[in-house]
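Single-letter residue listing:
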Amino acid sequence: MSGENKATSGAAPEPGGPRPEPIRFFGTTWVDHDGGYALRRAGVALGSLAAAAAGAFVLRLGYEGLAIAKVGGFVNAMVVVAFAVCSALAFRRTWEGFVRRPEAPADPSVERSMHSLRMIGFIGSLLAYFARSLKEAPGEKLHRTEYEQALARHERRRSARTGNPAARPGKGTPKGRRKHP
């Protein structure tokens with residue numbers, strides 16, 4: 001990873017507390033939207049769109065190669081349909097990865113086959129990256145939700161260990177002890 005990807009946020013996390021997970025190309029700048037966050041988002045959007053356009057150009061050259069080889073209309077149609085379906089599946093899979101963590105598949109071969117589909121439909125993945133970077137850093141919503149939950153859990157644990165438990169409001173008698181009249 002480059003130094004750019006390891007950029008940290010201006011707000012330092014509490015010692016011993018949870019740390020934000022870095023996002024590719026953004027590091028932890030997504031936490032406070034600092035450290036060139038807007039410029040990075042624009043760069044990621046333009047870069048993924050340019051890569052998708054370059055990939056489409058390469059696929060067009062391949063398609064023209066099939067036309068020169070005169071393989072027939074059926075094969076040409078199959079190639080177009082295969083790339084369209086793989087791109088749509090890759091787009092959906094990539095987009096879902098920005099919203100929630102992928103579940104561990106029961107069979108590892110399923111993940112390998114999805115990896116192959118995503119490689120064939122790389123344009124769909126790049127377009128999902130482009131579309132998401134127009135709104136936020138790709139994966140920011142997922143990371144922010146997890147980070148805020150981790151901060152809340154940490155704060156609950158930390159506050160539960162400090163002070164007199166009987167003096168805390170709403171806590172009544174400590175568990176296991178009964179007050180006798």
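Higher on the page you've got the structure.
This section reports on the structure supplied with the text.

The rules we used
- Residues numbered from 1 in each chain as written.
- Predicted model: local features only at pLDDT ≥ 70, side-chain atom pairs only at ≥ 80, totals over all residues.
- Heavy atoms only, no water.
- Helix = DSSP H or I, 4+ residues; strand = E, 2+ residues; numbered from the N terminus.
- Buried < 20%, exposed > 50% of the residue type's maximum accessible area, 1.4 Å probe, protein only.
- Expected span 1.5 Å × (residues − 1).
- Core = buried A, V, L, I, M, F, W, Y, C linked by side-chain atoms within 4.5 Å.
- Contact = heavy atoms within 4.5 Å.
- Salt bridge = Lys/Arg side-chain N within 4 Å of Asp/Glu carboxyl O.
- Phe/Tyr/Trp six-rings, centres within 6.5 Å; stacked < 30°, edge-to-face > 60°.

**Focus: the environment of F98**
Inspection of the secondary structure assignment puts F98 in helix α2 (residues 73–99). The buried category is assigned to F98, whose relative accessible area is 7%.

**Let's talk about unusual backbone geometry**
Of note, H33 is a non-glycine position whose phi angle comes to about 55 degrees, a positive value. In this structure, K70 is a non-glycine residue whose phi angle is positive, near 55 degrees. As for its position among the elements, K70 is in the loop between α1 (37–69) and α2. What makes K70 exposed here is its relative accessible area of 72%.

**Things to note about α1**
A rise of 1.5 Å per residue sets the reference length of α1, with its 33 residues, at 48 Å; its end C-alpha atoms lie 48 Å apart and thus fit the reference within 8%. Looking only at α1, the buried set comprises Y37, R40, V44, A45, S48, A52 and G55. Immediately beyond the C-terminal end of α1, within one or two residues, lies K70, with a positive phi of roughly 55 degrees.

**Quick notes on the nonpolar core**
Judged by nonpolar contacts, I23, F26, W30, V31, Y37, V44, F98, Y129, A137 and Y147 together constitute the single largest core of 10 residues. Those residues in contact with Y129 that lie beyond four places of it in its chain are R24, F25, V44, S48, F98 and P138.

**Some points on the pattern of salt bridges**
For the coordinates displayed, the defined rule picks out eight salt bridges. A salt bridge links E21 to R101; the nearest nitrogen and oxygen atoms lie 2.8 Å apart. Pair noted here: E21 is in the segment before α1 and R101 is in the loop between α2 and α3 (108–120), with a separation of 80 residues, a long-range link. Since its relative accessible area comes to 39%, E21 is described here as partly exposed. For R101, a relative accessible area of 38% gives the class partly exposed. The salt bridge partner of E146 is R101, with a shortest N-O separation of 2.8 Å. Taken as a pair, E146 in helix α5 (residues 140–160) and R101 in the loop between α2 and α3 lie far apart in primary sequence, 45 residues in all. One network of salt bridges, with partners in common, ties together E21, R101 and E146.

**Digging into the packing of aromatic side chains**
Taken as a whole and judged by the stated rule, the model has six aromatic pairs. Connected via pairs of aromatic rings, a cluster forms that spans F25, F91, W95, F98 and Y129.

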